[in-house]
Structures are given as C-alpha cells and as structure tokens.
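Chain and residue survey
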Amino acid sequence: MNILIKPIITEKATADSEIRNRYTFAVNSKANKIEIKKAVEEAYGVSVEKVRTINVRPDRNTKYTKNGIQHGKTNAVKKAIVQLAEGEMIDLYSNL
C-alpha cells in the first residue's frame, strides 16, 4: 500500500511550512497516523513529532445544460499535516 500520494503545495501549506515547520501531504484514505509517520521518516529522512489527519469530503455540484441536469462530485481526499522536529526541514522543490 502506497501511503504518501503527493505533497500539497498551496499558499497556505507553503506558509505553514515556512513559519511553523509543518508539511501537508495527500495520503491513502486507509492509512493511520503511525503509518504516515513511518512513511515520511523513511521517504525524507527526518524525525516527525506530530501527525494530524483530515478527511476532506467530496464536493457535489449540479449543472443545468441543454441536455438536462448533470450531477457530479469531486473525489474524497485524506490529508496529513506533519509537524517536524526543531531544526529539520523537507525540500519539496528539489525534484520538480
């Protein structure tokens, strides 16, 4: 099971990583906090202090078109916010 899917790079996540040393990742929806901690430590070689998880619900929308009403939704995502130890950091931009 692949636990870390991708890092989330947004304005809010980037500011959080610069100021509070917290990094945000999209993770597998079945992964728990212990598995996420081990995966981040193995992938980036850092020590993790705390892991917070968020289950983001899918957004539903309705479109009125020529062909009738179209219903849709986005995918559900699980996010993990990882707090690193003092003095540690992850360079997410090195392999872009």
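What counts and how
Residues numbered from 1 in each chain as written. Predicted model: local features only at pLDDT ≥ 70, side-chain atom pairs only at ≥ 80, totals over all residues. Heavy atoms only, no water. Pairing = 2+ DSSP bridges. Helix = DSSP H or I, 4+ residues; strand = E, 2+ residues; numbered from the N terminus. Axes fitted to C-alpha atoms, helices over the stretch in contact; angles between N-to-C directions. Patch = residues over 30% accessible without salt bridge, like charges linked within 9 Å, V, L, I, M, F, W, Y side chains within 5 Å. Areas by Shrake-Rupley, 256 points an atom, 1.4 Å probe, with all protein chains shown as cover. Salt bridge = Lys/Arg side-chain N within 4 Å of Asp/Glu carboxyl O. Buried < 20%, exposed > 50% of the residue type's maximum accessible area, 1.4 Å probe, protein only.

1. Considerations on the sheet that holds strand β1 (residues 4-7)
- Reading across the sheet, the four strands line up as β1-β2-β6-β3 and stay open at both edges, with antiparallel pairing between neighbours. Every other strand in the sheet has two partners, leaving β1 and β3 (48-56) as the edge strands with one partner each. Adjacent strand axes in the sheet meet at a mean angle of 30 degrees, parallel and antiparallel pairs treated alike.
- Here six bridges tie strand β2 (residues 22-27) to strand β6 (residues 77-84), and the two strands are oriented antiparallel to one another. Within β6, the residue paired with Arg 22 across the bridge is Gln 83.

2. Structural notes on a nonpolar patch on the surface
- A cluster of nonpolar side chains, Ile 54, Val 56 and Val 77, forms an exposed patch at the surface whose accessible area comes to about 180 Å².
- Position of Val 77 among the secondary structure elements: in strand β6.

3. Things to note about the pattern of salt bridges
- Summed over all chains, the structure comprises three salt bridges.
- The partner of Asp 16 in a salt bridge is Arg 20, and the shortest N-O contact between them spans 3.2 Å. Note that Asp 16 and Arg 20 are positioned in helix α1 (residues 11-20) at a spacing of four residues, about one turn of the helix.
- Between Arg 22 and Asp 16 there is a salt bridge, with the nearest N and O atoms lying 3.9 Å from each other.

4. Section: the pairing of strand β4 (residues 60-65)
- Little of β4 sits inside the fold, with zero of its six residues counted as buried.
- Note: β4 against strand β5 (residues 68-73), six bridges, orientation antiparallel. Along β5, the bridge assignment pairs Lys 63 with Gln 70.
- Between β4 and β5, which pair antiparallel one after the other, the connecting turn spans two residues.

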